[in-house]
Amino acid sequence: MARPREKLFQKFALKQRLEVMRKSRALSVLNEELQKTETLCGQLDDILKDIMTRTGEQSVASLRADSWYRTNVLEQLKTLENRSQFLRTEIDDANVDLAKARRKEERAQEAARDHKRLRLEKTEQKRESELPLRNSRGMIN
């Protein structure tokens, strides 16, 4: 039978494992969002290059439309770059939190193992002390 402190540390380790899993999922979501944002930035860069490389004669309406699209694309690109920077910061923070949670889990598991080891050692010592003592000739006192 496990002692109360041993059970306490085992339950705390399980709780920390859930916390680690929750933080891992949150980190995964952040990484997916960063990947999507970077993909969109690449697409907007391509659109911007396409707008900037148009040559030849163009009408006034076409020039105005290109200018309007260029302005909007640049605005969206700036917004996405800010979002990428924010997500990178959030990912760094999430990695730190995940590492802390993993360390807490490891410490709780280690404490549970230590308490179990001590309990087993005590029961072994108790068994040994209950055995009859033997003298050097192998006779029981």
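Everything below is about the structure printed above this text.
Rules and cut-offs
Residues numbered from 1 in each chain as written. Predicted model: local features only at pLDDT ≥ 70, side-chain atom pairs only at ≥ 80, totals over all residues. Heavy atoms only, no water. Helix = DSSP H or I, 4+ residues; strand = E, 2+ residues; numbered from the N terminus. Rg over C-alpha atoms; globule rule 2.2 N^0.38 Å. Buried < 20%, exposed > 50% of the residue type's maximum accessible area, 1.4 Å probe, protein only. Contact = heavy atoms within 4.5 Å. Areas by Shrake-Rupley, 256 points an atom, 1.4 Å probe, with all protein chains shown as cover. Lys, Arg positive; Asp, Glu negative; His and termini not counted. Charge placed at Lys NZ, Arg CZ, Asp CG, Glu CD. Core = buried A, V, L, I, M, F, W, Y, C linked by side-chain atoms within 4.5 Å. Axes fitted to C-alpha atoms, helices over the stretch in contact; angles between N-to-C directions. Parallel < 35°, antiparallel > 145°, perpendicular 65-115°, else oblique. Left-handed = near helix turned anticlockwise from the far one by under 90°. Polar contact = N/O pair within 3.5 Å; in protein donor to acceptor, adjacent residues only side chain to side chain. Salt bridge = Lys/Arg side-chain N within 4 Å of Asp/Glu carboxyl O. Phe/Tyr/Trp six-rings, centres within 6.5 Å; stacked < 30°, edge-to-face > 60°.

Caption draft 1: Quick look at the overall build of the protein. Across its full length, the protein carries two helices and zero strands. Expected size for 141 residues packed as a compact globule is a radius of gyration near 14 Å; at 33 Å, the protein overshoots this value by more than 25%. Counting only C-alpha atoms, the protein reaches 115 × 30 × 15 Å along its principal axes. The burial tally for the protein puts 21% of its 141 residues in the buried class. Here the contacts in the protein between residues at least 6 apart in sequence split such that 83% fall between residues at least 24 apart. Surface exposure of the protein reaches about 11,300 Å², of which carbon and sulfur atoms provide 54%. Between the centroid of the 31 positive side chains of the protein and the centroid of its 24 negative side chains there is a distance of 12 Å.

Caption draft 2: Geometry of the nonpolar core. Judged by nonpolar contacts, Val20, Leu27, Leu30, Leu34, Leu87, Ile91, Ala94, Leu98 and Ala101 together constitute the single largest core of nine residues. Looking at this core, the elements that each hand over two or more residues are helix 1 (4-52) and helix 2 (60-130). A total of five residues in this core trace back to one element, the largest contributor, which is helix 2. Look past the residues within four positions of Ile91 in its chain and what remains in contact with it is Leu27, Leu30, Asn31 and Leu34. Grouped together as the second largest cluster of nonpolar side chains are seven residues, Cys41, Leu44, Ile51 and Leu77 included.

Caption draft 3: Region of interest: the packing of helix 1 against helix 2. Two elements in contact, helix 1 and helix 2, have axes separated by 7 Å at closest approach and are oriented at 165 degrees. If you check the angle between helix 1 and helix 2, you find them roughly antiparallel. Relative to helix 2, the crossing made by helix 1 is left-handed.

Caption draft 4: Spatial organisation of the side chain of Glu6. Within the secondary structure, Glu6 is located in helix 1. Overall, Glu6 belongs to the buried group, its relative accessible area being 2%. In this structure the side chain of Glu6 is engaged in a polar contact, spanning 2.9 Å, whose partner is the side chain of Arg119. Discounting residues that sit within four places of it in the chain, Glu6 has contacts with Ala112, His115, Lys116 and Arg119.

Caption draft 5: The pattern of salt bridges, seen in detail. Throughout the structure, instances matching the rule amount to 11 salt bridges. Its salt-bridge partner being Glu19, residue Arg22 comes within 2.4 Å of it at the nearest N-O pair. Taken together, the positions of Arg22 and Glu19, both in helix 1 and three residues apart, correspond to about one turn of that helix. Judged by relative accessible area, Glu19 falls into the partly exposed class, the value being 26%. Glu121 is paired through a salt bridge with Arg117; the nearest N and O atoms lie 3.3 Å apart.

Caption draft 6: Broad picture of the packing of aromatic side chains. Per the counting criterion, the structure on display carries one aromatic pair. Taken together, a centroid distance of 5.0 Å and an interplanar angle of 70 degrees make the contact between Trp68 and Tyr69 edge-to-face. Classification of Trp68 as exposed rests on a relative accessible area of 52%. Given a relative accessible area of 45%, Tyr69 falls into the partly exposed group.

Caption draft 7: Molecular detail of the environment of Leu27. Note on placement: Leu27 falls in helix 1. Leu27 gets classed as buried once you look at its relative accessible area, which sits at 10%. Linking Leu27 and Asp92, residues 65 residues apart in sequence, is a C-alpha distance of 9.3 Å. Leu27 has contacts with Ile91, Ala94, Asn95 and Leu98, leaving out every residue within four places of it along the chain.

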